[in-house]
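A structural walkthrough
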Amino acid sequence: MTFDEKLAQALGETFDERMARRMTVSKKHRFSLAYKLWEYKTLKNIRKNRYDKRWTLRRARCVVAVMIIVSSLLIGVTAYAVSAAIGRYSFDTKPDYSKLFIEEISSDKTYIAEYYGLPEDNGWEITDFYADETETIINYKCNEKRVTFSQNVIRGNMGNINTENAEVEPISIYEENDGFFIAFQNGGNGLYWIYDGYLFSVVGDLDKNEAVNLAHFTKIVDFQKYL
């Protein structure tokens, strides 16, 4: 048998196998994120005439693993933060307090045009107060009861409130879910509600029904006689 005949025979025996490989579409190779990160930093170091023997492919894999873990934790925290919501209120809950956020709308006031307070004809007497263009804090007493009344301009981030081991209960004062009630762990209760474009609160020696009644009787007050 000549060389050409042997070559033809050999090619014929592998023809089917070779054709099968050609007809099979192989999966396109893709480099891993770790490899791409290692390659990018390595080439960058070479361009700058630097060599970092600590920067290995194994180290790049560790970096990518940490990035994935941190990303998953951040996603979990974000989902938890927005999960607590009541009406226009949302709470970023921490172990011993919560950050309070309120969705702003066009009817919200940008400064305090009229000051509100508790009705003095019901026996509430002002002991001291603070007032400016964006907030008021008024301390009241009525017999043995002591409460603090506040009025604030709504500005999105309203600061922190005490929610340690406490449940935030939705309350409807003038509209559905326009307020919420908190029974504090260290005693006392707090009611928060939105009215006339402001955020109001009354905190102190009151049960829920008493706090809601005071919210309904809140009225415009004149501070001039206390100056």
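To be clear, the structure that these remarks concern was listed above.
In what follows, the accompanying structure is described. Note that the structure is predicted; figures quoted are calculated from it, not measured.

What counts and how
- For every chain, the first residue of its written sequence is number 1, and the numbers climb from 1 along that sequence.
- Predicted model: local features are reported for residues with pLDDT of at least 70 only, side-chain atom pairs are reported and counted for 80 or more only, and whole-chain, interface and lining totals are derived from all residues.
- To get the side-chain values, take all heavy atoms of the structure and skip hydrogens and water.
- In this text, helices come from DSSP runs of H or I with a minimum length of four residues, and strands from runs of E with a minimum of two, each type numbered from the N-terminal end.
- Each residue gets one of three labels from its accessible area relative to the maximum for its type: buried under 20%, exposed over 50%, partly exposed in between, using a 1.4 Å probe on protein chains only.
- It only takes one pair of heavy atoms within 4.5 Å for two residues to be counted as in contact.
- To be clear on the numbers: accessible area is Shrake-Rupley with a 1.4 Å probe, and residue cover counts the displayed protein chains and nothing else.
- We define a nonpolar core as any set of buried Ala, Val, Leu, Ile, Met, Phe, Trp, Tyr and Cys residues linked to one another through side-chain atoms lying within 4.5 Å.
- Centres within 6.5 Å make a pair out of two Phe, Tyr or Trp rings, where for Trp the six-membered ring is used; the pair is then stacked when the planes are under 30 degrees apart, edge-to-face when over 60, and tilted otherwise.

**A word on the overall build of the chain**
- Counting its secondary structure elements, the chain contains four helices and 13 strands.
- Here the chain holds 227 residues, and 29% of them are scored as buried.
- Considering only residue pairs separated by 6 or more positions, the chain has 48% of its internal contacts joining residues 24 or more positions apart.
- Accessible surface, the chain as shown: approximately 15,600 Å² in total, 54% of it carbon and sulfur.

**Examining the nonpolar core**
- Among the nonpolar cores identified, the biggest contains 24 residues, and Trp124, Tyr140, Phe149, Leu191, Trp193 and Val202 are the most heavily contacted of them.
- Residue assignment for this core shows that the elements contributing at least two residues are strand S6 (135-142), strand S7 (145-153), strand S11 (189-195), strand S12 (198-204) and helix H4 (208-217).
- Membership of the second largest hydrophobic core comes to 14 residues, among which are Ile161, Phe180, Ile182 and Phe184.

**Observations regarding the packing of aromatic side chains**
- All told, the structure shown has 13 aromatic pairs when counted by the stated rule.
- Arranged with centres 5.9 Å apart and planes meeting at 40 degrees, the rings of phenylalanine 149 and phenylalanine 200 form a pair that is tilted. With phenylalanine 149 in strand S7 and phenylalanine 200 in strand S12, this pair connects stretches of sequence that are 51 residues apart.
- A residue is classified by how much of its surface remains accessible, and phenylalanine 200, at 0% relative accessible area, is buried.
- Feature note: the residues Tyr116, Phe149, Tyr174, Trp193, Tyr195, Tyr198 and Phe200 constitute an aromatic cluster, connected by ring pairs.

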